Amino acid sequence: MSSLSRELVFLILQFLDEEKFKETVHKLEKESAFFFNMRYFEDCVTNGEWDEVEKYLSGYTKVDDNRYSMKIFFEIRKQKYLEAMDKRDHGRAVEILVKDLKVFSTFNEELVKEITMLLTLANFRENEQLSKYGDTKSARAIMLVELKKLVEANPLFRDKLQFPTLKNSRLRTLINQSLNWQHQLCKNPRPNPDIKTLFVDHTCGQPNGARAPSPVTNLMGSIPKVGGFPPIGAHGPFQPAPAPAPAPLTASLAGWMANQSSVAHQAVSVGPIGLSGSSNAASMVKRPRTPPTNNLAMDYQTADSENVLKRPRPFGISEEMSNLPVNILPVTYPGQSHAHTLYSSEDFPKNVFSDLNQGSTVKSMDFHPVQQTLLLVGTNIGDITIWEVGSRERPVSRKFKVWDLGACSMTLQASLASEYTAAVNRVIWSPDGALLGVAYSKHIVHMYSYHGSDDLRNHLEIDAHIGNVSDLAFSQPNKQLCFITCGEDKMIKVWDAVSGSKQYTFEGHEAPVYSVCPHHKESIQFIFSTAIDGKIKAWLYDSMGSRVDYDAPGHSCTKMAYSADGTRLFSCGTNKEGESHIVEWNESEGAVKRTYHGLGKRSMGVVQFDTTRNRFLAAGDEFLIKFWDMDNVNLLTAINADGGLPASPCLRFNKEGILLAVSTNDNGIKILANADGARLLRSIETRALDASRAASAAVAKGPIIGTYGASSSTTGTSIVVADRSAPMTATVGLNGDCRTFPDVKPRVSDELEKSKIWKQTEMNEPSQLRSLRLPDSLMPIRVVRMIYTNSGGAILALTDNAVHKLWKWQKNERNLTGKATSALPPQLWQPSSGILMTNDIRETNQEDAVPCFALSKNDSYVMSASGGKISLFNMMTFKTMTTFMAPPPAATFLAFHPQDNNIIAIGMDDSSIQIFNVRVDQVKSKLRGHQKRVTGLAFSNVLNVLVSSGADAQLCVWNMDGWEKQASKFLQIPSGRVPNLLGQTRVQFHQDLIHVLVVHGTQIALYEAPKLECLKQWIPQESSGSITDAVYSCDSQSIYASFEDGSVCILTSTTLQLRCRINPGAYLPSNPSARIYPIVVAAHPSEPNQFALGLSDGGVHVLEPPEEGKWGSSLTAENGAGPTIPYTAGSDQQPR
């Protein structure tokens, strides 16, 4: 929860306390866990309300969270047990023993046995340790003193024991300030207005005559009138706090700064729990505590006041919904009390797809950041291998070898003389996949440059540390690529990744350093490091020393990792006793936020872990792979991956979280996949088979950069970058003409496409394909926007009259998957209420409106606009959750941020783009650079950019960090074609999230971001009319394009070669008097050969090729023979 939300909870607590809602106060204290009310806790203990004591404690800690918590619960339960014994209630005592005390036998079996033996005594005071036990009241008082010490020393209660200093009725004051401000904004303010509700904003009705404005009556009670409301943006609560000098720190890191404000306080003995009464003796030790002021830092970062527009929160969006980390507004189903799970267990990879024989014990693995199926592996004998897990090939395999032994230290030379081998401790790709690093168990680090396929070149060899090099990580301080190493010599070092020069050396650990975790918050770059003694330290890129000195849970050998979006910090480690801990940290407090249950108590090695999708954790433990939902401490599931795993297997997710590699006992690797991962791997298997049949085809030498998009329901393709030196390229038109453009560079070719000759197919008859017109009982109105749901089981369309239509396919014996198909008609779905999802169109000119919508990743909500306000609809109930952003300007395009569905980009008809945070209902930035209205938006989290298009065919690229414009170009309109200044230029990223499909009425073009270099253009013949829409297939291998003459063309995505042309007669009934044509095209999210057309007559058609077929037919090129651009008689693609 954010800092402001946290402060709001404190204000609510104050209000409830002032209103005497005592029971509710304590429930909120417990549920929020922001404030531990020691006075209430003392009262409950003194009164012997043991159930309430434990219930209240449960909001802050559990028995096994740490040793302090364990002793707190033990003392309470022991007292409860002794009191039952003192009352001679042996039945109750036995119940307490079995239900409450037996849990401690895991930690001290002898103690529980001794407690049990008390039942055999006539008076438990006969036990020597309990001989001084007095009466119940005094015993509780003595215990309470001990409990308070334990609570104060427990890190889980840190900064939760002090309620912030607030003026009386602070929440009332803020509400009255808001009412006064609303009253000042009234067009016709009345004196002494009668305000009867807070549910809507205050406005004064039409007056009978002009009256001077007056302050609003203090509705909330008699509190002093607050001064004038400050200008929005000038002193608002969202302004970033001034950075302290000389080294500014983010709130998240500042919370860990033990050496900046270490407070000495009384330590509490948490040694072996026992029978003896509480002792008042305690030694004084220094222990780092985070000053409370660090918690006040705002986490709502804003741009300058000119770019920040604050709006009231949309009514109806709850705080629970507002604080979702990635997915916006989860749907609540009937009977579900709280919306929570946005992913199912089917989302993570748990099915074994293949086995790879590595040949030696796997020590470290890492998937390529761009090519999702390339796996880098390091082993115990120093081997490194790059696997293509889809084809099960290993294009690269290297043995351990020192490149320049003479340049190594004498210590290393002596070590290698006795044993010329070293184990790999860590392998890792650089963020762009151009470099890979290897850390060895003897002194050295190797850095390689990777140029695709089997082209791996030596780059740097560094004698980095004395002894073991434990870990290696990449970082980019000051936008300079560096790598960080740590080792047995207790040092952390930072090296320039290009030159290999040493930039920084950090010293301060008292034991060998085990791992490093670099990260950044805002503009602050820092490094966490952990040592084998369980110490955690943090460093800035300076010479000021460690900023943190903290203990890992269990003093374990720990590794730390952030979630994919960089907002959540986790660690996993194992200590010498084999106890393992996997936890999430509260960065703002430097304390453990939650401890996940389910790891073994006696691990046989250091437990390895990984994170994926900002949602799941996985760890290799007890010969299993264990999974957790990040928001639930309980184990989600555990699998054995068909057996054969070591006790603590090494594991690694790929970037999209659809594949998981795990090491095996027999020196192998198992590749696990979810449904999307399996589709991806099967597609690569198929392509590999096709390629083997065309072994004589030319093989491009450039680096393979094919990757797969962010959608979890898609498969991928590979693209090979061809020669970049050619100054021109031919643009192949549908009518066969060839055009050259000076700045168009041939950049895209495809290995598979080079081995194929496509024979263009003309489809004129319904028998040549499978098509289905979806049933529609509503008024047929022109379809203007359309999309498949992410699950693939429904189609959502928006019509010209602002009404949404949703068709759902049912799962049954004829359709086992429940996915969209042309074989079975779907149901035009409506909720039982019969309401329709209808956009706001009041006070709008529908002829000028540009409808747009965007669907949330979990298919639960759709944001939509038809020239009026933007509406948020619940897809289950069709209810309008909220509306916002009334025109002018009107929204013309909507796109969700790929990593945070609370952030949306909104293209406007005034040519601006607004970056809007739904969670706080605030415009974060306003981007200006277009000259006409915005007609397309597409995000790439690989390049960290937003690409936009305008009605005048202008393309822009924006950096997602600061929203600065990086590039801008206009499409090259073919000579003789008049561009439509109100046209719809659209953009869509290829699944590699690097190449961009640009769709314009005159052409289809391929560009490469972020520089917007044009790679290819395809220009149709004028007789077909303008292009109305075009999209990539779900695997990005095809492009579906629709035309004003009703035809549909299917192109290969890399060469823009025409594969198939579907004429209107193949899917439309013959009606010469009606001009019907497709307005929009939508591609199925998991079936690459299925697409849907939204028509000008309101119809929606689903099209598929014949059974088991594809669009068009291909001939395999033999010995490189055959034309590069094939054509057939009667084709529109004959060259002149």
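Residues numbered from 1 in each chain as written. Predicted model: local features only at pLDDT ≥ 70, side-chain atom pairs only at ≥ 80, totals over all residues. Heavy atoms only, no water.

*Asks:* I'd love a proper account of the overall build of the chain, names of residues and values included.
*Replies:* Regarding its fold elements, the chain presents 14 helices and 66 strands. Counting every position in the chain, which comprises 1136 residues, the buried fraction comes to 56%. Carbon and sulfur atoms form 51% of the exposed surface of the chain, whose accessible area is close to 48,100 Å². (Helix = DSSP H or I, 4+ residues; strand = E, 2+ residues; numbered from the N terminus. Buried < 20%, exposed > 50% of the residue type's maximum accessible area, 1.4 Å probe, protein only. Areas by Shrake-Rupley, 256 points an atom, 1.4 Å probe, with all protein chains shown as cover.)

*Asks:* Hey, could you go over the nonpolar core for me, with residue numbers and the actual values?
*Replies:* Core analysis: the biggest nonpolar cluster contains 61 residues, and Phe36, Phe41, Leu57, Tyr81 and Phe528 have the highest contact counts within it. Here this core takes 10 residues from helix α5 (residues 67-86), the largest share from any one element. Setting aside anything within four residues of it in sequence, one finds leucine 57 in contact with Phe36, Phe41, Ile72, Phe73, Ile76 and Phe157. Formed by 21 residues, the second largest nonpolar core is a distinct cluster that contains Phe400, Val402, Cys408 and Tyr440. (Core = buried A, V, L, I, M, F, W, Y, C linked by side-chain atoms within 4.5 Å. Contact = heavy atoms within 4.5 Å.)

*Asks:* Could you give an account of the packing of α5 against helix α8 (residues 136-153), naming the residues involved and the relevant values?
*Replies:* Packing of α5 against α8 brings their axes to within 9 Å, and their N-to-C directions diverge by 170°. By the angle between their axes, α5 is roughly antiparallel relative to α8. Listed contacts from α8 to Tyr68, Lys71, Ile72, Glu75, Ile76, Gln79, Glu83 and Asp86 of α5 are Thr136, Ala139, Arg140, Met143, Glu146, Leu147, Leu150, Val151 and Ala153. (Axes fitted to C-alpha atoms, helices over the stretch in contact; angles between N-to-C directions. Parallel < 35°, antiparallel > 145°, perpendicular 65-115°, else oblique.)

*Asks:* Hey, could you go over the pattern of salt bridges for me, with residue numbers and the actual values?
*Replies:* Counted by the stated rule, this structure contains 35 salt bridges. Across the salt bridge formed by aspartate 383 and lysine 399, the nearest N and O atoms sit 3.4 Å from each other. Taken together, the positions of aspartate 383 in the loop between β6 (374-379) and β7 (384-388) and lysine 399 in the loop between β8 (393-398) and α12 (410-418) put the pair 16 residues apart, joining distant regions of the chain. A relative accessible area of 8% places aspartate 383 in the buried class. (Salt bridge = Lys/Arg side-chain N within 4 Å of Asp/Glu carboxyl O.)

*Asks:* Give me the environment of histidine 519: which residues, what numbers.
*Replies:* Positionally, histidine 519 belongs in strand β17 (residues 513-521). In this structure, the C-alpha to C-alpha distance between histidine 519 and phenylalanine 474, residues 45 residues apart in sequence, is 9.7 Å. Setting aside residues up to four positions removed in sequence, histidine 519 forms contacts with Ile524, Gln525, Phe526, Tyr562 and Gly566. A polar atom in the side chain of histidine 519 sits 3.0 Å from the backbone oxygen of glycine 566. (Polar contact = N/O pair within 3.5 Å; in protein donor to acceptor, adjacent residues only side chain to side chain.)

*Asks:* Quick rundown of the sheet that holds strand β37 (residues 761-763)? Include the residues and the values.
*Replies:* Ordered by their spatial adjacency, 5 strands build an open sheet running β37-β62-β61-β60-β59, and the pairing between neighbours is mixed. In this open sheet, the two strands that pair with only one neighbour each are β37 and β59 (1027-1032). Across this sheet, the average inter-strand angle for adjacent strands is 15°, counted without regard to direction. Here 5 bridges tie strand β60 (residues 1038-1043) to strand β61 (residues 1048-1052), and the two strands are oriented antiparallel to one another. Bridged to isoleucine 1039 within β61 is leucine 1051. (Pairing = 2+ DSSP bridges.)

*Asks:* Now, about α8: what can you tell me, with residues and values included?
*Replies:* Between its first and last C-alpha atoms α8 spans 26 Å; for 18 residues at 1.5 Å apiece the expected length is 26 Å, and the two agree. Buried within α8 we find Ala139, Arg140, Met143, Leu144, Glu146, Leu147, Lys149, Leu150, Val151 and Ala153. (Expected span 1.5 Å × (residues − 1).)

*Asks:* So what's going on with the sheet that holds strand β39 (residues 783-788)? Residues and values would help.
*Replies:* Strand order in the open sheet made by the 4 strands is β39-β40-β41-β42, with antiparallel pairing throughout. The open sheet has two edge strands, β39 and β42 (827-828), and neither has a second partner. Alignment of strand β40 (residues 794-799) against strand β41 (residues 804-808), held across 5 bridges, turns out to be antiparallel. Bridging across to β41, leucine 798 finds its partner in histidine 804.

*Asks:* Which residues make up a nonpolar patch on the surface, and what values go with them?
*Replies:* On the surface, Leu198, Phe199 and Val200 cluster together to form a nonpolar patch covering roughly 340 Å² of accessible area. Its location among the elements puts leucine 198 in the loop between α9 (170-184) and α10 (251-254). (Patch = residues over 30% accessible without salt bridge, like charges linked within 9 Å, V, L, I, M, F, W, Y side chains within 5 Å.)

*Asks:* How would you sum up the pairing of strand β43 (residues 852-855)? Please name residues and give values.
*Replies:* The alternating pattern of β43 places Cys852 and Ala854 on one face and Phe853 and Leu855 on the opposite face, and all of these are buried. Relative to strand β44 (residues 861-865), β43 is paired through 4 bridges, and the arrangement is antiparallel. Counted as the bridge partner of leucine 855 is valine 862 from β44.

*Asks:* Explain the side chain of serine 470 to me, using residue names and the numbers behind them.
*Replies:* With respect to the helices, strands and loops of the structure, serine 470 is situated in strand β13 (residues 469-475). With relative accessibility at 11%, the residue serine 470 sits in the buried group. At a separation of 3.4 Å, a polar atom in the side chain of serine 470 contacts the side chain of asparagine 468. Discounting residues that sit within four places of it in the chain, serine 470 has contacts with Asn425, Cys486, Gly487, Glu488, Val513 and Tyr514.

*Asks:* Outline unusual backbone geometry, listing residues and values.
*Replies:* For the bond running from proline 887 to proline 888, omega is -5°, close enough to zero to count as cis. As for its placement among the helices and strands, proline 888 is situated in the loop between β46 (880-884) and β47 (891-896). A positive phi angle, near 60°, is found at serine 1036, a position not held by glycine. Structurally, the position occupied by serine 1036 is in the loop between β59 and β60. Exposure remark for serine 1036: the relative accessible area of 2% places this residue in the buried category.

*Asks:* Tell me about helix α7 (residues 109-117), residues and numbers included.
*Replies:* Think of an α-helix as 3.6 residues a turn; residues three or four steps apart then line up on the same face. Those residues of α7 that sit buried are Leu111, Val112 and Ile115. The arc that holds the buried residues of α7, viewed along the axis, is 95°, so those residues lie on one side. Away from its buried face by more than 90 degrees, α7 exposes Glu110 and Met117. Along its buried surface, α7 packs onto α5 and α6 (90-101). (Arc of directions from axis to C-beta.)

*Asks:* Residue-level account of the side chain of asparagine 815, with values.
*Replies:* On the secondary structure map, asparagine 815 appears in the loop between β41 and β42. Since its relative accessible area comes to 7%, asparagine 815 is described here as buried. Engagement of the side chain of asparagine 815 in a polar contact is seen with the backbone oxygen of lysine 819, the distance being 3.0 Å. Here asparagine 815 is in contact with Trp809, Gln810, Thr821 and Leu824, once residues within four sequence places are set aside.

*Asks:* Requested: an account of the environment of phenylalanine 884, with residues and values cited.
*Replies:* Looking at where phenylalanine 884 falls in the secondary structure, it is placed in strand β46. Judged by relative accessible area, phenylalanine 884 falls into the buried class, the value being 7%. With 37 residues separating them in the primary sequence, phenylalanine 884 and aspartate 921 have C-alpha atoms 8.8 Å apart. Apart from residues no more than four positions distant in its own chain, phenylalanine 884 is found in contact with Met863, Lys869, Ile870, Ile904, Ile906 and Phe916.

*Asks:* Quick one: what's the story with the packing of aromatic side chains, residue by residue and with numbers?
*Replies:* Applying the stated criterion across every chain yields a total of 29 aromatic pairs. Plain terms: the ring middles of phenylalanine 74 and phenylalanine 104 are 5.3 Å apart, the flat faces sit at 85° to each other, and that makes the pair edge-to-face. Taken together, the residues span a long stretch of sequence, with phenylalanine 74 in helix α5 and phenylalanine 104 in the loop between α6 and α7 at a distance of 30 residues. On the basis of relative accessible area, phenylalanine 74 is assigned to the buried category, the value being 1%. A residue is classified by how much of its surface remains accessible, and phenylalanine 104, at 0% relative accessible area, is buried. Here tryptophan 1018 and phenylalanine 1043 contribute two aromatic rings whose centre-to-centre distance is 6.1 Å and whose plane-to-plane angle is 65°, an arrangement assigned as edge-to-face. Note that tryptophan 1018 is positioned in strand β58 (residues 1013-1019) and phenylalanine 1043 in strand β60, a separation of 25 residues in sequence. (Phe/Tyr/Trp six-rings, centres within 6.5 Å; stacked < 30°, edge-to-face > 60°.)

*Asks:* Provide a residue-level description of the environment of isoleucine 1062, including the pertinent values.
*Replies:* With respect to the secondary-structure elements, isoleucine 1062 resides in strand β62 (residues 1058-1062). Along the primary structure isoleucine 1062 and isoleucine 1050 are separated by 12 residues, whereas in three dimensions their C-alpha atoms are 8.2 Å apart. If we ignore the near neighbours within four places in the chain, the residues touching isoleucine 1062 are Met763, Leu769, Gly1046, Ser1047, Val1048, Ile1050, Tyr1067, Phe1091, Leu1103 and Trp1111.

*Asks:* Give a description of the packing of α5 against α6 that names residues and reports values.
*Replies:* It is at 8 Å that the axes of α5 and α6 come closest, and there the two elements cross at 165°. If you check the angle between α5 and α6, you find them roughly antiparallel. By crossing handedness, the relation of α5 to α6 is classed as left-handed. Taken together, the residues of α6 that come into contact with α5 (itself represented by Phe74, Arg77, Lys78, Lys80, Tyr81, Ala84 and Met85) are His90, Arg92, Ala93, Ile96, Leu97, Asp100 and Leu101. Classifying every residue of the contact of α5 with α6 by side-chain character gives 8 nonpolar, 1 polar and 5 charged. (Left-handed = near helix turned anticlockwise from the far one by under 90°. Nonpolar A, V, L, I, M, F, W, Y, C, P; charged D, E, K, R; others polar.)

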